[in-house]
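Fold and contact review
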Amino acid sequence: MKNIAVIGSGTMGNGIAHVFAQNGYQVSLIDLKQEYLDKAIDKIAKNMDRQISKGILSEDEKGAALDRIFTFTDLEKGLTSVDLAIEAATENLEIKLDLFRKMDQHAPKEAILATNTSSISITKIAAVTQRPTQVIGMHFMNPVPVMKLVEVIRGYATSDEVTESVMNLSKDLDKSPVEVNDYPGFVANRILMPMINEAIYSLFEGVAGVEEIDTVMKLGMAHPMGPLQLADFIGLDVCLSILKVLNDGFGNPKYAPCPLLVNMVEAGYKGAKTGEGFYKYTPGSKDLVVASRFKK
């Protein structure tokens, strides 16, 4: 596989495109508007500059990698001659199902179709295509150029050959793939999201404050980032979506999202991307400041 399409140029999409281009693959980056794509290329270039400053990449390698990325606002044109298409759109089932119907229609018949979903059923996505044996999950971690893990999720019909190809491809990207089966939340989020949800419940019920909860988990459990800060980083709306998938998929009340999380998302406080969640985020500042509503 040498020609890769990435559908969606947001945080995850541009990170996936970055990693493939850096490792010698030709990438078709696809999104609805050219302005989104231009922003993505700018972000990739800046992230590569950070790699240059750390001695990971040279200027020539950066230039060659950027030259391998081609942008498209036309899905059909972007999928021409690809070996693998990776969907990295928003975590919404209907959007993903619609995209996979179109990907199945326009991608070459032998192409593998992958999704970067963090929780939605691969089997359900594969069922809307004519190639369910060639549909698989590739759940990259954020930030993609830095994090080593790729959860490789087998749908009910995913073939051994496709799974092996994607595992080997992930290794070629200098990632560490882990094969898992298709159940709600897979492994990473099935374990992570209840922890984040319990941290939010601890805040909601007045057990401790934002900084105190995060400090306990950082110092007591050696986590590099506290669960509330991590929730902000992931996006509170994304956390809520994943918890709903877990709750619906298992029918177990232990996965029910905390009412505080629901209210914050409905009010538009979605974490770092909106400037405020459990912490307040100021452009250009790295200081971690608790949001005023959670200060004692």
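Residues numbered from 1 in each chain as written. Predicted model: local features only at pLDDT ≥ 70, side-chain atom pairs only at ≥ 80, totals over all residues. Heavy atoms only, no water.

1. Concerning the domain arrangement of the chain
Looking at the assigned domains, one finds that the chain contains domain 1 (3-181) and domain 2 (189-290). Between domain 1 and domain 2, the C-alpha centre-to-centre distance is 26 Å. Domain 1 puts seven residues into the contact, and the matching count from domain 2 is five residues. At the boundary of domain 1 with domain 2, the tally comes to one residue pair in polar contact (both at pLDDT 80 or more). Tallied by class, the residues present in the side of domain 1 that touches domain 2 amount to two nonpolar, four polar and one charged. (Domains from an automatic or database assignment. Contact = heavy atoms within 4.5 Å. Polar contact = N/O pair within 3.5 Å; in protein donor to acceptor, adjacent residues only side chain to side chain. Nonpolar A, V, L, I, M, F, W, Y, C, P; charged D, E, K, R; others polar.)

2. So, the nonpolar core
Formed by 34 residues in total, the largest nonpolar core has its most connected members in Val-6, Ile-16, Phe-20, Leu-84, Ile-86, Met-138 and Phe-140. It is helix 1 (residues 11-22) that provides the largest number of residues to this core, a total of six residues. If you look at the next biggest cluster of nonpolar residues, it comprises 26 residues, including Leu-203, Ile-213, Leu-246 and Phe-278. (Core = buried A, V, L, I, M, F, W, Y, C linked by side-chain atoms within 4.5 Å. Buried < 20%, exposed > 50% of the residue type's maximum accessible area, 1.4 Å probe, protein only. Helix = DSSP H or I, 4+ residues; strand = E, 2+ residues; numbered from the N terminus.)

3. Details of helix 12 (residues 259-266)
Because the α-helix completes a turn every 3.6 residues, residues three or four places apart line up on one side. Taken together, the buried positions of helix 12 are occupied by Leu-260, Leu-261, Met-264 and Val-265. Take helix 12 and look down its axis: the buried residues cluster within an arc of 130°, on one side only. Buried positions along helix 12 lie against helix 8 (188-204) and helix 11 (236-250). (Arc of directions from axis to C-beta.)

4. Some points on the environment of Ile-86
One can find Ile-86 in strand 4 (residues 84-87). For Ile-86, a relative accessible area of 0% corresponds to the buried category. Residues in contact with Ile-86, not counting those within four places in the same chain, are Ile-4, Ala-5, Val-6, Ile-7, Ile-16, Phe-20, Ala-114, Asn-116, Met-138 and Phe-140.

5. Brief notes about the pattern of salt bridges
If you walk through the whole model with that rule in mind, you get twelve salt bridges. Asp-98 serves as the salt-bridge partner of Lys-102, at 3.2 Å between the closest nitrogen and oxygen. In this pair, Lys-102 and Asp-98 both sit in helix 5 (residues 93-106), four residues apart, roughly one turn of the helix. Look at Asp-98 and you get partly exposed, because its relative accessible area is 34%. Lys-148 is the partner of Asp-174 in a salt bridge, and the nearest nitrogen-oxygen pair spans 2.7 Å. On the criterion of sequence distance, the pair formed by Asp-174 in the loop between helix 7 (160-172) and strand 8 (176-181) and Lys-148 in the loop between strand 6 (135-140) and strand 7 (149-154) is long-range, its members being 26 residues apart. Given a relative accessible area of 51%, Asp-174 falls into the exposed group. Each of Glu-87, Glu-91 and Lys-96 takes part in salt bridges that share partners, so that together they form one network. (Salt bridge = Lys/Arg side-chain N within 4 Å of Asp/Glu carboxyl O.)

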